[in-house]
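Take a look at the letters that make up each chain.
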There are 4 protein chains.
Amino acid sequence: MSEEVEPGAWPYCDLAHLAHLELLTPKLDESLRFFTEVMGLWVSESTANSVYLRGWDDYEHHTLKLTAAPKPGLGHFAFRVRSPEALKRRVRVLEQSGLGQGWVEDERGHGPAYRFTTPDGHLMELYYETTWYTPTEASRPALKNQASRFPGKGANLRRLDHINLLASDVRAMRLFMEGYLGMKVTEQIVFSGGDEQGVWLTSNNKTYDVAITKDHLGAKGRFHHCTYAVDSREEVLRAADICLEHGVKIETGPHKHAIQQTFFLYVYEPGGNRFEVACPGARLLLAPDWRPIVWNEEERKKGQAWGLQTVPTFHTYGTPPVETQEA
Amino acid sequence: MSEEVEPGAWPYCDLAHLAHLELLTPKLDESLRFFTEVMGLWVSESTANSVYLRGWDDYEHHTLKLTAAPKPGLGHFAFRVRSPEALKRRVRVLEQSGLGQGWVEDERGHGPAYRFTTPDGHLMELYYETTWYTPTEASRPALKNQASRFPGKGANLRRLDHINLLASDVRAMRLFMEGYLGMKVTEQIVFSGGDEQGVWLTSNNKTYDVAITKDHLGAKGRFHHCTYAVDSREEVLRAADICLEHGVKIETGPHKHAIQQTFFLYVYEPGGNRFEVACPGARLLLAPDWRPIVWNEEERKKGQAWGLQTVPTFHTYGTPPVETQEA
Amino acid sequence: MSEEVEPGAWPYCDLAHLAHLELLTPKLDESLRFFTEVMGLWVSESTANSVYLRGWDDYEHHTLKLTAAPKPGLGHFAFRVRSPEALKRRVRVLEQSGLGQGWVEDERGHGPAYRFTTPDGHLMELYYETTWYTPTEASRPALKNQASRFPGKGANLRRLDHINLLASDVRAMRLFMEGYLGMKVTEQIVFSGGDEQGVWLTSNNKTYDVAITKDHLGAKGRFHHCTYAVDSREEVLRAADICLEHGVKIETGPHKHAIQQTFFLYVYEPGGNRFEVACPGARLLLAPDWRPIVWNEEERKKGQAWGLQTVPTFHTYGTPPVETQEA
Amino acid sequence: MSEEVEPGAWPYCDLAHLAHLELLTPKLDESLRFFTEVMGLWVSESTANSVYLRGWDDYEHHTLKLTAAPKPGLGHFAFRVRSPEALKRRVRVLEQSGLGQGWVEDERGHGPAYRFTTPDGHLMELYYETTWYTPTEASRPALKNQASRFPGKGANLRRLDHINLLASDVRAMRLFMEGYLGMKVTEQIVFSGGDEQGVWLTSNNKTYDVAITKDHLGAKGRFHHCTYAVDSREEVLRAADICLEHGVKIETGPHKHAIQQTFFLYVYEPGGNRFEVACPGARLLLAPDWRPIVWNEEERKKGQAWGLQTVPTFHTYGTPPVETQEA
């Protein structure tokens with residue numbers, strides 16, 4: 001039935017979008033202050049050990065869950081799928097992957113989620129049923145086509161944009177994301193001999209929802225950073241001004257990546273996790289038959305778009321820290 | 001088989017994106033100068049009566065075709081679909097609509113296109129096979145993940161964003177776009193008694209590819225405007241500065257629409273067609289179950305987002321002009 | 001002695017810059033909330049009936065004094081002069097103007113000020129000795145060449161830019177500002193027959209510190225608006241977004257003035273006074289022999305820079321309101 | 001007569017503003033293409049060996065003179081003074097400095113100029129009479145309060161902002177600029193033991209017209225860079241995008257200086273001279289009694305505002321190159 005849609009395959013990916021991630025932090029109060037006072041996220045809900053946050057344009061209950069923990073790192077991250085049927089299809093496939101862990105029913109902000117791990121060990125979930133954010137008196141927007149009020153606070157982050165995972169085996173991660181989740185590769189870093197150093201994948205018209213880069217320390221399942229988007233490059237620069245005023249550790253930027261041309265600012269939130277404020281500009285992936293852009297070693301040596309050399313920590317620092325780092 | 005994907009239905013729309021439109025102009029040379037010198041579009045190809053143009057980030061051969069004609073107006077507009085199968089599915093359905101006109105094989109820049117009309121009479125096409133733009137020495141970008149060089153000329157328009165059609169019957173147009181093309185309504189203007197005054201539809205994660213608004217002169221199949229996007233609101237303001245310098249007729253703006261929150265500038269190109277430079281900001285439609293935002297008469301009376309009253313011509317001027325207008 | 005500097009005459013104006021103004025408000029608490037929460041000004045000091053505020057880049061103790069009063073309007077406004085000698089020179093001249101009122105010794109934030117009225121009755125002061133703002137722990141900037149911390153709140157207004165007075169006799173005001181204060185005219189509106197409708201004057205390299213426009217209600221000594229500057233036009237647009245979220249009354253804009261090319265947003269603060277957020281861009285008056293730009297009636301009919309027609313209230317609304325308005 | 005103005009002394013500096021500079025280039029045609037096509041300057045006039053250029057908002061005949069020469073470097077730079085008397089006063093003083101060279105009568109774009117050298121050997125001129133730029137049909141602006149049309153080309157540089165000289169003895173240069181020219185120091189770099197590494201001076205309300213920094217190669221009279229201003233930081237970023245597209249060598253940036261907080265982009269023009277595109281934002285020096293901000297060695301070790309370490313070439317590369325560099 002060549003005319004049939006192959007269920008869940010690109011360009012009909014069952015995954016709708018990156019929905020949220022859980023960040024572990026040994027300094028919950030300071031991390032919370034950073035994300036609300038400095039970055040301008042709204043708080044949706046708080047529990048004993050966790051706080052749920054979102055950007056003013058995020059439509060769901062939360063896009064960031066901060067959880068108190070001994071060490072920084074990624075708790076889990078989740079994608080929302082396009083329909084109940086899409087969820088069933090993905091689960092059927094994942095159950096055959098040997099990486100499935102089963103259903104989680106009691107999480108806040110969304111319905112039943114199927115939990116599994118990536119080949120590198122990152123905890124991931126898929127769900128469909130969700131809780132749309134309902135504005136409070138304080139967060140009600142003037143325009144009803146907006147999820148909540150523009151905060152007018154700090155960096156005024158708009159929405160969750162993407163997550164960057166570190167992996168000991170980038171190729172294995174890519175094959176999993178393509179084969180089991182039906183995602184699409186948009187850009188890659190492949191060194192001579194087919195050595196895959198990084199891959200950027202999407203499930204929709206954004207040029208990427210997930211980036212996976214080589215963990216130069218050889219560790220497994222670590223977190224590199226997550227990114228929230230603002231509307232203009234000027235707002236990224238202003239975020240840098242604001243981080244400077246608040247003594248936030250700026251790792252690198254603002255500058256422009258050659259890959260994906262993302263205009264970035266990388267900082268370390270108080271808990272130790274790397275965090276990015278970025279302006280993806282109007283990067284949309286509209287071509288259904290987009291062919292991956294592949295960057296080789298020589299091209300990467302040129303550094304970022306305007307020539308800035310990548311800082312060494314960008315290739316080694318991740319959370320949780322590895323013993324060798326702590327020594 | 002409830003688990004099957006219903007072919008071509010949202011959130012798996014067979015249409016990939018608005019691909020291009022043909023504008024008719026009684027002043028081809030002046031219109032061409034406007035789109036290249038003032039707006040900064042690149043020319044892909046020229047023929048006796050037409051010139052093919054594109055923004056620096058448009059990946060196809062062209063997104064705008066200018067054709068010499070006695071009167072201004074819309075020649076046709078086209079969507080690219082997601083796959084060969086998607087095209088077959090849409091054609092099967094359209095053949096049953098009574099609006100089909102058959103295949104067009106000889107157009108530049110893309111493969112076979114199925115031509116049909118909207119209920120209001122606008123000429124429309126669907127196609128899959130396309131010609132990716134190949135940069136020339138002069139248009140080759142420094143970064144290979146970019147379609148062509150940033151022109152550094154005039155308003156530096158980035159990409160085609162959307163088209164706005166005028167219709168004598170907005171509801172009929174909406175039902176056609178939803179039922180036969182599988183598009184999704186994101187926002188609407190519905191006055192008391194269910195009087196549909198406008199509708200915004202999408203086939204992807206952009207909040208809209210097509211806008212359809214009431215033709216207050218009661219004419220059929222007219223064109224309201226088409227829009228190219230730039231990255232920032234500042235660039236829309238700069239486009240206004242540039243139009244002022246070139247004596248381009250500014251109809252209204254820059255200002256911000258309440259509907260879709262598009263930051264707009266409306267001008268008349270030399271041929272008489274309304275043209276918009278806009279910054280959609282980061283408006284992405286990520287929720288697969290988005291529910292249309294419906295604006296009523298009272299809300300519309302508030303004017304645009306910051307209170308600017310809509311100029312009268314915005315509701316009456318379209319191309320081609322109607323007799324009563326010319327009188 | 002042709003080689004001598006003529007004391008206090010342009011291009012060596014004795015006045016250094018517009019220093020501060022006192023706004024009267026019948027709703028002190030609401031006005032204070034507007035200027036701090038929505039506009040992002042810092043509070044320097046508070047007394048029983050007044051609050052002293054400043055933008056993050058204003059170097060003096062305050063640039064805005066809010067004072068509780070039965071009706072909105074201008075309390076007084078002040079210029080800082082360039083030296084103690086400059087103050088003596090100006091006072092000598094003003095004492096001969098018949099408009100002098102003598103010294104005021106007990107105001108907060110600055111030393112002895114010489115008080116007088118303009119020909120139209122606005123209360124004005126000149127002083128030299130001032131209190132430089134000393135940052136608190138909360139307002140200390142990260143970079144020591146900055147007056148105080150970037151607030152990261154609301155519109156983040158940077159500095160006081162100019163004041164616009166309404167006058168029953170614009171010509172008399174111009175002659176006073178030029179002759180007694182040594183200010184320089186940069187732009188003017190002069191209708192046929194030499195009817196002066198508006199004048200923009202400066203004492204430094206800014207294109208204007210003071211604007212004086214015709215009071216179409218024929219009242220004397222009224223206030224039109226005062227303006228704080230931000231760095232970019234995007235920040236003015238964001239200020240409009242923020243005003244929309246807070247239900248602040250937007251009178252007109254954002255748009256670009258033809259005169260001085262100021263990018264403006266006019267709102268009414270809760271007390272009833274008109275307030276402007278603007279981006280003067282890089283408007284600098286560097287030519288020591290600048291000749292005034294004179295706009296005639298026909299040119300003014302074109303409206304603002306991009307064609308927006310000036311709203312009627314802009315020519316009639318001022319504070320305090322006149323009886324006829326209140327009726 | 002304590003009430004008298006001390007002729008030519010701050011805050012009544014006889015110098016009005018940096019007026020223009022002459023850049024020597026071994027590749028005149030390529031340098032010209034860079035400044036017109038890539039940077040967007042307007043050409044005022046051309047002669048056999050020189051071309052005169054200006055930004056769209058520069059009011060004089062030219063602000064940049066490009067002259068063919070065997071090696072890159074600074075030909076001369078000039079300030080316009082505030083009046084004929086101011087010029088006489090400065091000449092009287094300079095004639096006693098032992099650095100005077102006499103009058104130059106035949107330069108294009110301005111009247112008689114008094115020529116002299118700085119203590120480090122840079123050729124400098126002062127003049128009052130000037131030729132205001134007269135727009136041509138092609139360069140006529142839509143708004144008559146603007147010097148010429150916004151070009152809509154490349155980086156669209158607005159106006160000359162400042163010049164940075166390298167000096168073997170920064171202190172001697174500072175004493176000369178203060179004592180003989182009456183300029184004001186706004187910021188300084190002074191290492192332990194009073195070792196002056198850099199100084200920023202102004203003659204008006206801009207925070208600086210001239211920067212003088214230590215030549216780490218010990219050479220005399222060299223040129224570090226000159227800077228043109230644009231209105232927003234976004235435009236500096238766009239200038240970097242444009243330089244990338246044109247293969248222009250980017251030395252460092254865009255980034256923000258801690259000193260003066262200038263948002264910068266440094267490139268090498270084809271002739272080899274360093275050139276800066278910057279956004280000074282709203283940096284105005286309004287306080288007549290501004291006290292210099294002094295940065296010490298430890299503070300400088302922090303790098304630029306957001307932590308970027310200064311590239312080594314920034315301290316060693318200047319024009320003309322010194323022998324040791326060429327080896």
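Here, residues in each chain are numbered from 1, in the same order as that chain's written sequence. In the order they appear in the text, chains get letters beginning with A and ligands get numbers beginning with 1. Owing to the predicted nature of the model, reporting of local features is limited to residues with pLDDT of at least 70; listing and counting of side-chain atom pairs is limited to 80 or more, with chain, interface and lining totals taken over all residues. Hydrogens and water are ignored here; the side-chain numbers use all heavy atoms of the structure.

Focus on the overall build of chain A
Counting secondary structure elements, chain A contains 7 helices and 17 strands. Only C-alpha atoms enter the radius of gyration, while the globule expectation follows 2.2 Å times N to the 0.38, with N the number of residues. Here the C-alpha atoms of chain A give a radius of gyration of 19 Å, agreeing with the 20 Å that 2.2 N^0.38 yields for 327 residues. With the C-alpha coordinates of chain A rotated into their principal frame, the extents come out at 55 × 45 × 40 Å. Buried residues in chain A amount to 68% of all 327 residues. Throughout, a residue-residue contact means that at least one pair of heavy atoms, one from each residue, lies within 4.5 Å. Here the analysis covers contacts within chain A between residues at least 6 apart in sequence; of these, 67% occur between residues at least 24 apart. Counting every atom, chain A has about 10900 Å² of accessible surface; 51% of that belongs to carbon and sulfur. Secondary structure counts use DSSP, requiring at least four H or I residues in a row for a helix and at least two E residues in a row for a strand, with both numbered from the N terminus. Partly exposed describes any residue whose relative accessible area lies between the buried limit of under 20% and the exposed limit of over 50%, with all areas from a 1.4 Å probe on protein chains only and scaled to the type maximum. Only the protein chains shown count as covering a residue, and every accessible area follows the Shrake-Rupley method with a 1.4 Å probe.

Examining the relation of the copies chain B and chain A
Superposition of the two copies of the chain requires a rotation about an axis and a shift along the axis. Once turned by 180° and shifted 0.0 Å along the axis, chain B lies on chain A with an RMSD of 0.0 Å. Considering both components of the superposition, the chain copies are consistent with a two-fold axis. By residue overlap, the copies meet face to face through one surface: 100% of the interface positions of chain B are interface positions in chain A. Least-squares superposition aligns the copies on the C-alpha atoms of those residues with pLDDT at or above 70 in both.

Observations regarding the interface of chain B and chain C
Between chain B and chain C, the contact holds 16 residues from the first and 16 residues from the second. Put simply, buried area is how much 1.4 Å-probe accessible surface two parts lose in total, over both of them, once they are put together. For the pairing of chain B and chain C, the buried interface totals around 1300 Å² over both sides, and the portion due to carbon and sulfur atoms is 54%. Broken down residue by residue, the surface that chain B buries against chain C is led by Arg233, Leu237 and Trp306 of chain B, which jointly contribute 45%. For this analysis, a salt bridge means a side-chain nitrogen from Lys or Arg found within 4 Å of a carboxyl oxygen belonging to Asp or Glu. At the junction of chain B with chain C, the criterion picks out 6 salt bridges. A salt bridge links Lys256 of chain B to Asp241 of chain C; the shortest N-O distance between them is 2.7 Å. Polar contact is the term for a pair of N or O atoms within 3.5 Å; when the atoms are in protein, one must be able to donate a hydrogen and the other to accept it, and sequence-neighboring residues count only if both atoms are side-chain atoms. Connecting chain B to chain C are 8 residue pairs in polar contact (both at pLDDT 80 or more). For the side of chain B that touches chain C, the secondary structure elements donating two or more residues are helix H4 (233–245) and strand S14 (249–256) of chain B. The dominant element in the side of chain B that touches chain C, judged by the number of residues it contributes, is H4 of chain B, at 7 residues.

A look at the interface of chain B and chain A
With 55 residues of chain B at the interface, the matching set in chain A holds 55 residues. Counting across the interface, chain B meets chain A through 4 salt bridges. Arg80 of chain B serves as the salt-bridge partner of Asp289 of chain A, at 2.7 Å between the closest nitrogen and oxygen. Of all the elements in the fold, those that place two or more residues in the side of chain B that touches chain A are strand S1 (15–25), strand S5 (73–81), helix H2 (84–95) and strand S17 (293–295) of chain B. Of the residues forming the side of chain B that touches chain A, the biggest block, 5 residues, is contributed by H2 of chain B. A per-class count over the side of chain B that touches chain A returns 24 nonpolar, 10 polar and 21 charged. Residues are grouped as follows: nonpolar covers Ala, Val, Leu, Ile, Met, Phe, Trp, Tyr, Cys and Pro; charged covers Asp, Glu, Lys and Arg; every other residue, Gly included, is treated as polar.

A short note on the state of the cysteines
Only a pair of cysteine sulfur atoms within 2.5 Å counts as a disulfide in this structure description. Throughout the structure, instances matching the rule amount to 0 disulfides over all chains. You can see Cys243 of chain A has no disulfide; the closest cysteine sulfur is in Cys226 of chain A, sitting 13 Å from it. Cysteine Cys13 of chain C remains unbridged, with the sulfur of Cys13 of chain D as its closest cysteine sulfur at 16 Å. Judged by its relative accessible area of 1%, Cys13 of chain C falls in the buried class.

Side note on the environment of Gly198 of chain C
Residue and element names in this part refer to chain C. By the element assignment, Gly198 lies in strand S11 (residues 195–202). Under the relative-accessibility criterion, Gly198 is labelled buried at 0%. Separated by 160 residues in sequence, Gly198 and Val38 have C-alpha atoms that sit 30 Å apart. In this view, Gly198 contacts Val170, Gln188, Ile189, Ile212 and Thr213; residues no more than four positions away in its chain are not counted.

Remarks on the UniProt feature "domain: VOC" (unreviewed entry) in chain A
Residues and elements named next belong to chain A. In the numbering used here, UniProt assigns the "domain: VOC" (unreviewed entry) feature to residues 17–129 and 159–280. Secondary structure content for residues 17–129 is 20% helix and 42% strand, while the C-alpha to C-alpha distance between its ends is 13 Å. Regarding residues 159–280, the helix share stands at 19% and the strand share at 47%, and the terminal C-alpha atoms are separated by 11 Å. UniProt positions are given in the numbering used here, feature names are shortened, and annotations may be inferred rather than shown by experiment.

What to know about the sheet that holds strand S12 (residues 210–214) of chain A
Residues and elements named next belong to chain A. Strand order in the open sheet formed by 9 strands is S14-S15-S16-S13-S9-S12-S11-S10-S17, with mixed pairing between adjacent strands. The open sheet has two edge strands with one neighbour each: strand S14 (249–256) and strand S17 (293–295). Neighbour-to-neighbour, the strand axes of the sheet open up by a mean angle of 20°, direction not taken into account. When strand S10 (residues 184–191) meets strand S11 (residues 195–202), the two strands line up antiparallel, connected through 7 bridges. Residue pairing for S11: Phe191 is matched across the bridge by Asp195. Sheet strands touched by helix H4 (residues 233–245): S14, strand S15 (263–268) and strand S16 (274–279). Its angle to S15, the strand with the most contacts, is close to 20°. By definition, two strands form a pair when at least two bridges between them are found by DSSP. A fitted line through C-alpha atoms serves as each axis, taken over the contacting stretch for helices, and the angle formed by two N-to-C directions is quoted from 0 to 180°.

Examining the sheet that holds strand S5 (residues 73–81) of chain D
Residues and elements named next belong to chain D. Pairing within the open sheet is mixed, and its 8 strands lie in the order S2-S3-S4-S1-S5-S8-S7-S6. Both outer strands of the open sheet, strand S2 (42–46) and strand S6 (100–104), are each paired with one neighbouring strand and no more. Here the strands of the sheet are splayed against their neighbours by 25° on average, with no regard to which way each runs. Where strand S1 (residues 15–25) meets S5, 7 bridges bridge the pair, whose relative direction is antiparallel. Among the inter-strand pairings, Leu23 is bridged to a residue of S5, identified as Leu74. Helix H1 (residues 28–38) contacts S1, S2, strand S3 (50–54) and strand S4 (64–68) of the sheet and is inclined by roughly 160° relative to S4.

Remarks on the packing of H4 of chain B against helix H4 (residues 233–245) of chain C
Where H4 of chain B contacts H4 of chain C, the axes come no closer than 9 Å and their chain directions differ by 115°. By the angle class used here, H4 of chain B and H4 of chain C are roughly perpendicular. Once H4 of chain B is placed against H4 of chain C, the crossing between them reads as right-handed. Side by side, H4 of chain B and H4 of chain C meet where Arg233, Glu234, Leu237, Arg238 and Asp241 of chain B of the first sit next to Arg233, Glu234, Leu237, Arg238 and Asp241 of chain C of the second. A breakdown of the residues in the contact of H4 of chain B with H4 of chain C according to their chemical character gives 2 nonpolar, no polar and 8 charged. In what follows, roughly perpendicular refers to angles from 65 to 115 degrees, roughly parallel to angles under 35, roughly antiparallel to angles over 145, and oblique to any angle outside these ranges. It is the rotation of the near helix from the far one that decides the hand of a crossing: anticlockwise by less than a right angle makes it left-handed, clockwise makes it right-handed.

Some words on the pattern of salt bridges
Tallying each qualifying case throughout the model produces 108 salt bridges over all chains. A salt bridge links Asp14 of chain B to Arg89 of chain B, with the shortest nitrogen-to-oxygen separation between them at 2.8 Å. Of this pair, Asp14 of chain B sits in the segment before S1 while Arg89 of chain B sits in helix H2; the two residues are 75 residues apart in sequence, bridging distant segments of the chain. For Asp14 of chain B, a relative accessible area of 0% puts it in the buried group. Under the relative-accessibility criterion, Arg89 of chain B is labelled buried at 3%. Because the salt bridges share partners, they merge into one network encompassing Asp57, Arg158, Asp231 and Glu235 of chain A, Arg233 and Lys256 of chain B together with Glu234, Arg238 and Asp241 of chain C.

Thoughts on the relation of the copies chain B and chain C
In the superposition of chain B on chain C (RMSD 0.0 Å, axial shift 0.0 Å), the rotation amounts to 180°. Both copies contact each other with a shared surface, as 100% of the interface residues of chain B are interface residues in chain C too.

Examining the pairing of strand S7 (residues 113–117) of chain A
Residues in a regular strand project their side chains so that they alternate between the two faces of the sheet. Residues and elements named next belong to chain A. Most of S7 sits out of view: 5 of its 5 residues are buried. By the alternation rule, side chains of S7 split into Ala113, Arg115 and Thr117 and Tyr114 and Phe116, which are all buried. Where strand S6 (residues 100–104) lies against S7, 4 bridges are found, and the strand directions are antiparallel. Residue pairing across strands places Gly100 opposite Phe116, the latter belonging to S7. As paired elements, S7 and strand S8 (residues 123–127) share 5 bridges and run antiparallel to each other. Each residue of the ladder has a partner; that of Arg115, found in S8, is Glu125.

Some words on helix H2 (residues 84–95) of chain A
One turn of an α-helix holds 3.6 residues; hence residues three or four places apart share an orientation. All names here are of chain A. Helix length check: H2, at 12 residues, gives a terminal C-alpha distance of 17 Å against a target of 16 Å (1.5 Å per residue), a fit within 8%. Listed as buried for H2 are Ala86, Leu87, Arg89, Arg90, Val91 and Leu94. The inward-facing, buried residues of H2 abut strand S1 (15–25), strand S5 (73–81), S6, S7, S8 and helix H3 (170–179). A helix is expected to span 1.5 Å multiplied by its residue count minus one.

Here's the deal with the packing of aromatic side chains
Think of a pair of aromatic rings as described by two things: how far the centres are apart, and how the planes are tilted against each other in angle. Each Phe, Tyr or Trp ring (for Trp, its six-membered ring) is paired with any other whose centre lies within 6.5 Å, and the angle between the two planes then decides the class: stacked below 30 degrees, edge-to-face above 60, tilted in between. With the rule as written, the count across this model stands at 62 aromatic pairs over all chains. When the centroid spacing of 5.1 Å and the interplanar angle of 40° are considered together, the rings of Phe264 of chain B and Tyr266 of chain B count as tilted. The class for Tyr266 of chain B is buried, based on a relative accessible area of 2%. Relative to Tyr12 of chain D, the ring of Tyr12 of chain C has its centre 6.2 Å away and its plane inclined at 45°; by these criteria the two rings are tilted. Placement of the pair is Tyr12 of chain C in the segment before strand S1 (15–25) and Tyr12 of chain D in the segment before S1, with the two residues belonging to separate chains. For Tyr12 of chain C, a relative accessible area of 5% corresponds to the buried category.

Notes on the confidence of the model for chain A
Per-residue confidence from the predictor is reported as pLDDT, a score between 0 and 100. When pLDDT is averaged across chain A, the result is 95; 96% of the residues are at 70 or more. As scored by the predictor, the complex reaches a pTM of 0.97 and an ipTM of 0.95.

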